Amino acid sequence: MLIRRPRFEAVLYRLLISSSSKCIQMIQGTVTGLVPSSDMSDIQSVNVRTTEGEEKAVKDVALVIDCTGSTQAGIKWLKSAGFISSPESTPDDIGRTGTNGDLRISYDHKLRYVTVTFDNIGDLVQDLPIPGGFDQAGFIYTYYAHCKWGNEGFVLTRMDNTKIVQLCCGGWGDVHLPKEKEDILPYVHSVKGARPAPQWVTRVVAVLLESEEKGDATITFKPLKIPAPSFVQYYKITHNLPSNFIAVGDSEMQLNPLFAQGCSKALFGAMTLNTVLHNCVASEWLGRLPKNFSTLYFKRSHNTLEDIWSVISTKAIDYGYSTTIPIKGENRTKEGAIVRWYAYHAARAAERDEEVASALWHVRMLATPQVELFKPRVILGVLRWAVTNAIAQT
Ligand SMILES: Cc1cc2nc3c(=O)[nH]c(=O)nc-3n(C[C@H](O)[C@H](O)[C@H](O)COP(=O)(O)OP(=O)(O)OC[C@H]3O[C@@H](n4cnc5c(N)ncnc54)[C@H](O)[C@@H]3O)c2cc1C
């Protein structure tokens, strides 16, 4: 979905409220902590500071879901409530591992990113030399960076199904991202890869810039700090967790946004919760959560999350750049070397082989399990490209 975050959030809220408003009570504020039951088996109440500054306790909670995103506040709540006793790394401890069963692991990809938005384009859209025309356009062009050639890339895309075009530029380590409009075309020309961007791509950007020169289109720059990827491995410490605590989305695992997997991953968490709840309804625990609910949830999701973290997301690609600081104890060049090799050759094979392209897309969008990438027909397509390429280079 080519939709910017504020609109996407509004759509999700509207869908949620229109279907379930009678069952939802909202409290605007910040969750500040959890109160455990006397035997430490579960959470009894949740402390909230409302936006008006009032301290509130939400009592007799059935289930607490940490969905605080990159704040990953659950770690702090569990620690101050006494569920996690020994020190563990926090979102500020980049590249270190924790001591509570290595609860939170993290590496620093040193990713930099800027979004350049072209607005008020008006009728100019008809002049943009996009193959197939603007009306059919979604992702207009993606320049995919790879450590073999360079550390910078970009995505040129139409947003919100409107006449807004965004140029999202990003790269690893030492980057030269555009800061003002004079930098934009040189940046598009300077990215290095297997091939330069087609001429129509630079022409589209040039037409947009010309429009701004004439006083029509407007350009805004939004540089963004990309948080370091991290994985809070709750499944390793389920014996310490309160039975009614789970985490969903970035609060459990935060990825490099390059493959746009964050929302699918959050949906996967919601689907896992749905399945575990349905299983409970069907069991003797009807109407209550079983005493091992947290364990059931984290154990059920962990294999898929491990796959996402190690294979399907960008970790192996991030480790291809010498500027990346790996997880403590991991060797940047050795770790994920096979995944890196396969991912590179699959991406190149996908340029011409529809079976490989389809498998790569479905797996990276978390729509099918990663085994899809290792079906004989897909392996064959990848190896065929690798061999042909090797012969061409000799
Ligand atoms: C530059 C960039 C581009 C991205 N592009 C894409 C993309 O194209 N596609 C995609 O799928 N994903 C993308 N992502 C990732 C995606 O944004 C996240 O994976 C997704 O938002 C995670 O959702 P979440 O609900 O877990 O957390 P969030 O969306 O971060 O929401 C967490 C919420 O919890 C609130 N909160 C924090 N602490 C507390 C507290 N103590 N009490 C109460 N509330 C609290 C926060 O204010 C926030 O509103 C991108 C990320 C970045 C940084």
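Computed from a prediction, not measured in an experiment: that's the story for all the values here.

Calculation rules
- Residues numbered from 1 in each chain as written.
- Predicted model: local features only at pLDDT ≥ 70, side-chain atom pairs only at ≥ 80, totals over all residues.
- Helix = DSSP H or I, 4+ residues; strand = E, 2+ residues; numbered from the N terminus.
- Rg over C-alpha atoms; globule rule 2.2 N^0.38 Å.
- Buried ≥ 20, exposed ≤ 12 C-beta atoms within 10 Å, placed from the backbone.
- Contact = placed C-beta atoms within 7 Å.
- Axes fitted to C-alpha atoms, helices over the stretch in contact; angles between N-to-C directions.
- Parallel < 35°, antiparallel > 145°, perpendicular 65-115°, else oblique.
- Left-handed = near helix turned anticlockwise from the far one by under 90°.
- Nonpolar A, V, L, I, M, F, W, Y, C, P; charged D, E, K, R; others polar.
- Expected span 1.5 Å × (residues − 1).
- Arc of directions from axis to C-beta.
- Near = placed C-beta within 6 Å.
- Domains from an automatic or database assignment.
- Core = buried A, V, L, I, M, F, W, Y, C linked by C-beta atoms within 7 Å.

## Observations regarding the overall build of the chain
Scanning the chain from terminus to terminus reveals ten helices and 13 strands. A compact globule built from 394 residues should have a C-alpha radius of gyration of about 21 Å, and the chain, at 24 Å, falls within 12% of that. Sorting the 394 residues of the chain into buried and exposed places 31% on the buried side. Counted over contacts in the chain with a minimum sequence separation of 6, partners at least 24 positions apart contribute 61%.

## Section: the packing of helix α9 (residues 354-364) against helix α10 (residues 376-393)
How two helices pack is summed up by the angle between their axes together with the distance between the axes. Between α9 and α10, the shortest axis-to-axis distance is 9 Å and the interhelical angle comes to 115 degrees. One way to sum up the angle between α9 and α10 is to call them roughly perpendicular. Where α9 crosses over α10, the two elements pack in a sense that is left-handed. Residues E355, V356 and A359 of α9 touch α10, and the partners they reach there are R377, V378, G381 and V382. Residues of the contact of α9 with α10, tallied by class, amount to four nonpolar, one polar and two charged.

## Remarks on α10
Between its first and last C-alpha, α10 extends 25 Å over 18 residues, near the 26 Å set by a 1.5 Å rise per residue. Considered for burial, the residues of α10 that qualify are V378, G381, V382 and W385. Down the axis of α10, the smallest arc covering the buried residues is 95 degrees, so these residues share one side. Of the exposed residues in α10, the ones pointing more than 90 degrees away from its buried face are P376, R377, V387, A390 and I391. Looking at the buried positions of α10, the neighbouring elements they touch are α8 (337-350) and α9.

## Quick word on the site of the ligand
The immediate surroundings of the ligand are formed by 21 residues, with G69, G249, A260, G262 and C263 found nearest. Listed by contribution, the elements that provide at least two residues to the shell around the ligand are β1 (29-36) and α5 (262-281). Per element, the largest residue contribution to the shell around the ligand is four residues, and it comes from α5. Across the shell around the ligand, the residue classes break down as ten nonpolar, ten polar and one charged.

## Describing the domain arrangement of the chain
For the chain, the domain assignment lists domain 1 (5-93 + 230-289), domain 2 (111-225) and domain 3 (336-393). Computed over C-alpha atoms only, the centres of domain 2 and domain 3 are separated by 27 Å.

## Some thoughts on the environment of K148
Relative to the helices and strands, K148 is located in the loop between β7 (139-143) and β8 (152-159). Sequence-wise, K148 and P6 are 142 residues apart; in three dimensions their C-alpha atoms are separated by 36 Å.

## Some points on the nonpolar core
Among the nonpolar cores identified, the biggest contains 46 residues, and V232, A346, V356 and L360 are the most heavily contacted of them. Of the residues forming this core, the biggest block, seven residues, is contributed by helix α6 (residues 293-312). Taken together, domain 1 (5-93 + 230-289) and domain 3 (336-393) each give at least three residues to this core, which thus spans both. Sequence-distant contacts of V232, that is, excluding residues within four places in its chain, are made with Q72, I75, L103, R104, A247, E252 and M253.

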